[in-house]
Amino acid sequence: MSARLDPETARRRLYEIMGSDDPLDDRIRRALVLGSRFLAVENGHFTSIDASDDYWRAAVSTDPADGPFAAGTVIDLAQTYCRLAVDTDEQLVLSAASEQGMADDPAYREHELECYLGTPVRVDGSTVGTVCFVSHERHEAFDAVETMFAELLARTIERELEHQHAEDRMARLDEFAGVLSHDLRNPLNVAQGCLESVKETGGPDDFEGVAAALDRMEALITDALTVAREGRPVTDYEAVPLDTVVRDCWRMVDTADATLVMESRRTVRADASRLQRLLENLVRNALQHGGSEVTVVVGDLPEGFYVADDGPGIPPDRRAEVRESGFTTAEDGTGFGLSIVQSIAEAHGWSVEITESEEGGARFEFHGVDTVEAAE
């Protein structure tokens, strides 16, 4: 067995490992190998824990792929010592579990681990898991240097996770800032057009158009900010007649000489505001690529609906990339439209399939949609 690292060398190597540019999981695994060697234990694990669902998962592990706690292994939280560390939110130290009152504990009965040194890991104030080191053999009592090193390792991983979460949040906020500015363009153009008409005629219908466009802009801002902050799937569903929401979206988009063919009279369960945003983006996409005289058809599927047009269509080899934020083939396009469609569908739990319409244009099919009933 190799000689134990001295504490200063172990700390220096830990900082070198976690400060490298390697993927985070690789860095965590190397840190766990270092910790296992420093503590003279069999294995180390970075665990993901959900106390509400009672599961323990080895997110990163030094166990081999066929080991009992290999990376990806999921077990009942009740059968782990980690539950005690999470419950108390304190480091748990066991060097001879069977002699420390743990012989009847479910974790000992199931895995017979004599040695356990586990430290809770917190991200944004919430405990998300542990960093733990284990052995089936008894261990000499851990001294203060060893427990402090285990604490340091956990806190170092914790900081990296918080940094990663902060970067993810910023990326989502950047994307939603682009989405928001993109979606606001339609009602803003409607309002500007109505105001130009007001200057000439002063008709009350024009004022109503301005008011409707401003209301829609307010709804878009509120909805986008909610999604950006929460980042959660749709939870508040309501019965939405497709006919109604499609015609509302048609009024919010400058459809020029385009034609709407409404073949669906179905009612679906959805977030009405987000569904309208989805449809507005599909209508705008049809106009952008099919021209001002494009025909848009909305129809039913056995478990969903579709939106099709008679424009140039989307080649099969481009159907994956058009869903990505920033991808566009139009000179004045922002590239957010179809990625918005994709994200809103996913938030509802729907799948999206891009195919060819009967006229050779684009057809977007939404599957897994909870329908209420067809209107009479």
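What counts, and at which threshold
Residues numbered from 1 in each chain as written. Predicted model: local features only at pLDDT ≥ 70, side-chain atom pairs only at ≥ 80, totals over all residues. Heavy atoms only, no water. Helix = DSSP H or I, 4+ residues; strand = E, 2+ residues; numbered from the N terminus. Buried < 20%, exposed > 50% of the residue type's maximum accessible area, 1.4 Å probe, protein only. Contact = heavy atoms within 4.5 Å. Areas by Shrake-Rupley, 256 points an atom, 1.4 Å probe, with all protein chains shown as cover. Pairing = 2+ DSSP bridges. Axes fitted to C-alpha atoms, helices over the stretch in contact; angles between N-to-C directions. pLDDT = per-residue confidence, 0-100.

(A) The overall build of the chain, seen in detail. Each helix and strand in the chain was counted, giving 9 helices and 14 strands. The proportion of buried residues among the 376 residues of the chain is 49%. Taking contacts inside the chain between residues at least 6 apart in sequence as the whole, the part at least 24 apart equals 65%. Split by element, the accessible area of the chain, about 18900 Å² in all, is 48% carbon and sulfur.

(B) Seen up close, the sheet that holds strand β4 (residues 92–94). Read from one edge to the other, the open sheet built from 6 strands follows the order β3-β2-β1-β6-β5-β4, with strand pairing classed as antiparallel. Of all the strands in the sheet, just β3 (74–76) and β4 have a single pairing partner and so form its edges. Neighbour to neighbour, the strand axes of the sheet diverge by 25 degrees on average, direction disregarded. Pairing between strand β1 (residues 43–50) and strand β6 (residues 126–135): 6 bridges, direction antiparallel. Note on β6: the bridge partner recorded for F46 is V131.

(C) Molecular detail of unusual backbone geometry. Positioned with a positive phi, A40 is a non-glycine residue whose angle comes to about 60 degrees. As for its placement among the helices and strands, A40 is situated in the loop between α2 (24–39) and β1. In this structure, E112 takes a positive phi of about 55 degrees despite not being glycine. Secondary-structure assignment places E112 in the loop between α4 (106–111) and β5 (115–123).

(D) Structural view of the sheet that holds strand β11 (residues 304–309). The 5 strands are arranged β8-β10-β11-β13-β12 in an open sheet whose pairing can be described as mixed. For this open sheet the edge positions go to β8 (259–262) and β12 (351–356), each flanked by a neighbour on one side alone. Across the sheet, the mean angle separating the axes of adjacent strands is 15 degrees when strand polarity is ignored. As paired elements, β8 and strand β10 (residues 295–301) share 4 bridges and run parallel to each other. From the neighbouring strand, V261 faces β10, where its bridge partner is V297. Together, β8, β10 and β11 form the strand contacts of helix α7 (residues 242–252), whose direction differs from that of β8 by roughly 175 degrees. Its contacts with the sheet place helix α8 (residues 272–290) against β10, β11 and β13 (362–367), and it is angled at close to 25 degrees to β11.

(E) View of the confidence of the model for the chain. Confidence in the prediction of the chain, expressed as mean pLDDT, is 84, and 84% of residues score 70 or more. Contacts for the low-pLDDT stretch residues 325–335, under 50 throughout, to residues beyond four places or in other chains number 24 contacts.

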